Every structure is written in structure tokens, then in C-alpha cells.
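Inside the fold
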Amino acid sequence: MEKTEICEYISAEYAAKIDAPFKDDVVVFRREDNGKWFGIIMRVKNKSLGFTGEGFTSVMNVKSEPALINTLITCEKGDFLPAYHMNKTHWISIVLDGKEFDDRVKMLIDLSFTLTQNQSKYIEKNT
């Protein structure tokens, strides 16, 4: 699955900002209405993901529902992992290397976009 395929899908479907705030190999997807991230693509050391061997693997983190995360990690071993460097209860990592950009990935991107819809970038304090 190519990063460009995902960027093209998100650009066509959503009002989103796509940028690289950290390094060239990290791409962040933000909602335009509230600035919240709904996805990030990055290359991660294999050892950090629990894989054997040297090198890196591309993953995309998306927000999801906890029950769905548990099901995907359990039933789709190797394609989905506990979120790398994010809250593992509400985020999941999709392994991109060598995978087809399929309806499951589109569904997870769509869900992530929806789940971040009503979240404010800033928390208001009631005094």
C-alpha cells in the first residue's frame, strides 16, 4: 500500500490538511474544522513493532473504537498492531508495507475521521 494512494483517497474524500510536521517520512492528516489528527503515516523500526530483523516498516495510525481494535489485532494478525506511540485503547496501527489499499483500510480512515469530528482542539475550563 502506497502512501500516495492514502493521501489521494483522503484528499478526495475529506476536508483535511496533509502535512509533514516532523520529517519527510512522517505524514499527518488533520481535520480542517478542528485541527485534530485522524491519521499519521510513519516508518518505524521493526524491533519497535515487535518484528524480527533490521530495517523499517511503514504503518498508519488511525483512531478507532476499542472493541474493533481488539478484534482486528486478534483476528488479523500481522496486518494490525497496537498503536505505535499513541494511546493503544483508542488508536491502532495498520501495517502498510506489502499490503493492498482495501476497503478495510478505507473504513478505518473513515471511522477515524468521524471519531475526531466533535473533539475540540482545546479543552475549555469551567470556573
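Residues numbered from 1 in each chain as written. Predicted model: local features only at pLDDT ≥ 70, side-chain atom pairs only at ≥ 80, totals over all residues. Heavy atoms only, no water.

1. Details of the nonpolar core
With 23 residues, the main nonpolar core has Ile6, Ile10, Phe29, Met60 and Ile109 as its most contacted residues. When residues of this core are traced back to their parent elements, those giving at least two are α1 (3-13), β2 (27-31), β3 (37-45), β4 (56-63), α2 (66-75), β6 (91-95) and α3 (103-115). If we ignore the near neighbours within four places in the chain, the residues touching Ile10 are Ala16, Ile18, Phe29, Phe38, Met60 and Ile109. Formed by nine residues, the second largest nonpolar core is a distinct cluster that contains Val28, Met42, Val44 and Leu81. (Core = buried A, V, L, I, M, F, W, Y, C linked by side-chain atoms within 4.5 Å. Buried < 20%, exposed > 50% of the residue type's maximum accessible area, 1.4 Å probe, protein only. Helix = DSSP H or I, 4+ residues; strand = E, 2+ residues; numbered from the N terminus. Contact = heavy atoms within 4.5 Å.)

2. Here we look at the layout of surface pockets
Of the pockets and cavities examined, the largest pocket occupies roughly 220 Å³. Lining the largest pocket we find 14 residues, and of these Val26, Met42, Arg43, Tyr84 and His85 sit closest to its centre. When residues in the lining of the largest pocket are grouped by element, the largest group, six residues, is from β3. Partitioning the lining of the largest pocket into residue classes produces eight nonpolar, two polar and four charged. (1 Å grid on protein atoms, 1.4 Å probe; cavity = no way out; pocket = protein on both sides within 12 Å on 5 of 7 lines; lining within 4 Å. Points joined across faces, edges and corners; volume = space filled by probe spheres on them. Nonpolar A, V, L, I, M, F, W, Y, C, P; charged D, E, K, R; others polar.)

3. Here we look at the packing of aromatic side chains
For any pair of aromatic rings, geometry is given as the distance between the ring centres together with the angle between the planes. Under the counting rule described, the total for this entry stands at five aromatic pairs. An angle of 45° between the planes, with centres 6.2 Å apart, marks the rings of Phe29 and Phe38 as tilted. Here Phe29 falls in the buried class, since its relative accessible area comes to 0%. Given a relative accessible area of 0%, Phe38 falls into the buried group. Taken together, a centroid distance of 5.0 Å and an interplanar angle of 90° make the contact between Phe38 and Phe113 edge-to-face. You can see Phe38 sitting in strand β3 and its partner Phe113 sitting in helix α3, a full 75 residues away along the chain. The same class applies to Phe38 as to Phe113, namely buried. Among the aromatic residues, those joined into a cluster by ring pairs are Tyr14, Phe29, Phe38 and Phe113. (Phe/Tyr/Trp six-rings, centres within 6.5 Å; stacked < 30°, edge-to-face > 60°.)

4. With respect to the side chain of Ser112
Within the secondary structure, Ser112 sits in helix α3. Of note is the side chain of Ser112, whose polar atom sits 2.5 Å from the backbone oxygen of Phe38. Polar side-chain contacts of Ser112 include one of 2.9 Å to the backbone nitrogen of Lys63. Ignoring anything within four residues of it in the chain, the contact list for Ser112 reads Phe38, Val62 and Lys63. (Polar contact = N/O pair within 3.5 Å; in protein donor to acceptor, adjacent residues only side chain to side chain.)

5. With respect to the pattern of salt bridges
In this structure the tally under the stated criterion is five salt bridges. Of the charged contacts in the structure, one is a salt bridge between Asp102 and Arg104, with a shortest N-O distance of 3.2 Å. When its relative accessible area of 30% is taken as the criterion, Arg104 is described as partly exposed. (Salt bridge = Lys/Arg side-chain N within 4 Å of Asp/Glu carboxyl O.)

6. Looking at the sheet that holds β6
Spatially, the six strands line up as an open sheet ordered β1-β2-β3-β4-β6-β5, and their pairing is antiparallel. A single partner strand is all that each edge strand has here, and the edge strands are β1 (16-19) and β5 (80-82). Each adjacent strand pair in this sheet contributes to an overall mean axis angle of 25°, direction not counted. Pairing of β5 with β6, which is carried by three bridges, proceeds in the antiparallel orientation. Bridge pairing in β6 links Leu81 to Ser93. Lying on the sheet, α1 is in contact with β1, β2, β3 and β4; it crosses β2 at an angle near 10°. (Pairing = 2+ DSSP bridges. Axes fitted to C-alpha atoms, helices over the stretch in contact; angles between N-to-C directions.)

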